Amino acid sequence: MSRILTTFLAMGLSLPAIAGLHTTLAQAADERVVIADDDPDWGLPAPYLQGRGGMGYILTSWVFDNLVGQDAKGDPAPELAREWKRSPDGLSFDLTLDEAARWHDGEDVTSADVAFTFDYMRTNPHVFVSLANVAGTEILDEDRIRITLSEPDAGFEAGVLMGLPILPQHIYEGRENPRRFTDDAALTGSGPFRLVSHDRAQGRYVLAAVEDYYRGAPRFGELLVVKMSSEAAIEAIRAGEVDVMTSVPFRLIDRARKAGLSIIESAAGHPAKLRFEHEGVFADVRLRQGLAHAIDRATLAKIAYRGGAVPANLGYLQDGSRWFNPEGVASYPPDAERAAALFSQAGWARGDDGWWMRDGEPVTLRIITQGREERLAVVLVDQLEAFGIGAELRVLESGAFREAVDARDYDLALAIGSTMGDPSTVRERVFGMKRNNERFTGDGRLRALADAQARSLDPTERAELLHQFQEAYAEELPTIMLVNTVWAAAHGPRVTPFFFPDGVAVGIPVAVHKYTFLK
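Rules and cut-offs
- Residues numbered from 1 in each chain as written.
- Predicted model: local features only at pLDDT ≥ 70, side-chain atom pairs only at ≥ 80, totals over all residues.
- Heavy atoms only, no water.
- Axes fitted to C-alpha atoms, helices over the stretch in contact; angles between N-to-C directions.
- Helix = DSSP H or I, 4+ residues; strand = E, 2+ residues; numbered from the N terminus.
- Parallel < 35°, antiparallel > 145°, perpendicular 65-115°, else oblique.
- Left-handed = near helix turned anticlockwise from the far one by under 90°.
- Contact = heavy atoms within 4.5 Å.
- Nonpolar A, V, L, I, M, F, W, Y, C, P; charged D, E, K, R; others polar.
- Core = buried A, V, L, I, M, F, W, Y, C linked by side-chain atoms within 4.5 Å.
- Buried < 20%, exposed > 50% of the residue type's maximum accessible area, 1.4 Å probe, protein only.
- Pairing = 2+ DSSP bridges.
- Salt bridge = Lys/Arg side-chain N within 4 Å of Asp/Glu carboxyl O.

1. Points about the packing of helix α10 (residues 297-305) against helix α12 (residues 374-386)
Reasoning step 1: Axis separation between α10 and α12 bottoms out at 9 Å; the angle between their running directions is 135°. The angle between the axes of α10 and α12 places the two elements in the oblique class. Note on packing geometry: the crossing formed by α10 with α12 is right-handed. For the pair formed by α10 and α12, the contact residues are T299, L300, I303, A304 and Y305 on the first element and R375, L376, V379, L380 and Q383 on the second.
Reasoning step 2: In the contact of α10 with α12, the residues fall into seven nonpolar, two polar and one charged.

So, in structure tokens, the structure goes:
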């Protein structure tokens, strides 16, 4: 305990605060699970009050159920809907709700709640799930509903049905701005836990199990989430005062193992990638290909992450995805001669001093990134300059980064991007114009493949289309996927969290999802 006290003091916590936290942890009985996370705040566990990151979604999913859940392999499984059926033409889904499902205030969950949710979230979009393809809903009876689509969507089940939290109509009806609806009633869900208290200053949540939960009482009576540095969490798990930490930085994995903690790991499926300003310098695909050959991605992973990452696959989908197929996908190994030939074909010329020139001027690439990717960016700049490409690196805080992206004030943007979840999302992520998307406008073949696989209802045909898409993506390089980090969680003997191959619901690579705590 003295080591934990020393760590807390180093974090700047006062002795009364440390004493209060220790008392809370020491009271943990068999029915309580204590979860440590180093994030200061995930927001509140409601669809419009959650933090925008993945853990905000996870916290909300403990309180609000979706129509479709996940089994131990991550495949679709009953949740609010005990069964569902897709029409032969793929344009509608008929769902039958679990008659035992209840809201936390005791009201029945009905098909009217589902219809209301779809209507309400078209007006007030959910941050993670798009309903753009939903043409309408039809209430068949109290527990049955039909959802109609504008076009077939192979990912509708794993995306919308699995990812969209259902709202209680009697609570949200008439709320014109749900993001300002912060009453306790806004946290009325149908999930296995309900929020008891939230201390934003301390970064602490207490959630109680719903004993009459329609899918069976949870394994534990209470979840306590505490803000704690990774170093302190390792010591607390070793001391038996914390059960699980949501994320272990790669630099601390060996330390955690030596402390006797159990570690689970998974490829993040959120590779660090170079996004191009496609209307600028890199409109020519030969320059994108040449840059890929000029970068040593294995060395980037080794130096910047010290074993905590692997070279990413350049065909968009990453190893670990059930749709991943590396065969025939170009890998662009480091090749100075090939890179130089491609640059020359695109009109660049190498000066006598070894630096590359464009239209008679030295090439200097404007590169932007955020603080968490700064180390990777520095190693990347070193590689580019060693190859004779000048670089102007700007490390920006998140607001300034967004402004630079919106203003197209960059040549390369280094950022983390998700490739997880059902691959129907590639259409928006690759071709969408929002700041987090790749904004690719070239190669109609790539877009056609993305569209075709998203509409294909035959798994074998879809797998082949996705294979072709991966090959075409690596050829066109809308982005250069650099490294895929390894994500890890640690736990003690009482709780065994686990990762899903394609992440939770919409593709969130977190192991402390609600299925960890259910029987």
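Now that the structure has been shown, the text picks up again.
2. Observations concerning the environment of V114
Reasoning step 1: Note on placement: V114 falls in helix α4 (residues 111-123).
Reasoning step 2: Each C-alpha atom of the pair V114 and I145 lies 7.9 Å from the other, and the pair is 31 residues apart in sequence.

3. Digging into the nonpolar core
Reasoning step 1: Residues W62, L67, F118, Y172 and F517 are the most contacted members of the largest nonpolar core, which totals 69 residues.
Reasoning step 2: When neighbours within four sequence positions are excluded, F517 is seen to be in contact with V33, I35, W62, F193, P218, R219, F220, L223, V495 and V512.
Reasoning step 3: Counting 59 residues, the second-largest nonpolar core is a separate cluster that includes F469, Y473, A474 and M481.

4. Thoughts on the packing of helix α9 (residues 285-294) against helix α11 (residues 336-345)
Reasoning step 1: Packing of α9 against α11 leaves a shortest axis separation of 8 Å and a crossing angle of 160°. Taken together, the axes of α9 and α11 lie roughly antiparallel to each other. Our pair here, α9 against α11, has a crossing hand that is left-handed. From α9, R286, L287, Q289, G290, L291, H293 and A294 reach across to α11, where they touch R338, A339, L342, F343 and Q345.
Reasoning step 2: Tallied by class, the residues present in the contact of α9 with α11 amount to six nonpolar, four polar and two charged.

5. Regarding the sheet that holds strand β6 (residues 134-141)
Reasoning step 1: Taken in spatial order, the four strands line up as β4-β5-β7-β6 in an open sheet, and their pairing is antiparallel. In the strand order of this sheet, the two ends are held by β4 (81-86) and β6, each with one partner. For this sheet, the mean angle separating the axes of adjacent strands, direction not counted, is 20°.
Reasoning step 2: Bridge count for β6 against strand β7 (residues 144-149) is six bridges, and the pairing is antiparallel. What sits directly across from G136, in β7, is T148.
Reasoning step 3: α4 contacts β5 (92-97), β6 and β7 of the sheet and is inclined by roughly 165° relative to β6.

6. Some details on the pairing of β4
Reasoning step 1: Taken together, the five bridges between β4 and β5 define a ladder with antiparallel strand orientation. Bridge pairing links R86 to F93 in β5.
Reasoning step 2: Where β4 hands over to β5, the hairpin turn is made up of five residues, of which G90 adopts a positive phi near 75°.

7. Describing the sheet that holds strand β15 (residues 349-350)
Reasoning step 1: Read across the sheet, three strands follow the order β15-β16-β17 without closing on themselves; strand pairing throughout is antiparallel. Whereas interior strands pair on both sides, the edge strands pair on one side only; in this sheet they are β15 and β17 (361-362).

8. Section: the pattern of salt bridges
Reasoning step 1: This model, assessed by the stated rule, comprises 32 salt bridges.
Reasoning step 2: With a closest N to O distance of 3.2 Å, R251 and E231 form a salt bridge. Of the two residues, R251 is situated in the loop between β11 (244-245) and α8 (253-258) and E231 in helix α7 (residues 230-238); the sequence distance between them amounts to 20 residues.
Reasoning step 3: Note that E265 is salt-bridged to R257, the shortest N-O span being 3.2 Å.
Reasoning step 4: Among the residues examined, E265 registers a relative accessible area of 42% and is labelled partly exposed.
Reasoning step 5: Overlapping salt bridges, with partners in common, bring together E151, R427, R447 and D451 in one network.

9. What about unusual backbone geometry?
Reasoning step 1: A positive phi angle, close to 55°, is found at D359, a residue other than glycine.
Reasoning step 2: Secondary-structure assignment places D359 in the loop between β16 (356-358) and β17.
Reasoning step 3: With phi around 60°, R439 is a residue other than glycine that occupies positive phi space.
Reasoning step 4: Within the secondary structure, R439 is located in the loop between α14 (426-431) and α15 (444-455).
Reasoning step 5: The class for R439 is buried, based on a relative accessible area of 10%.

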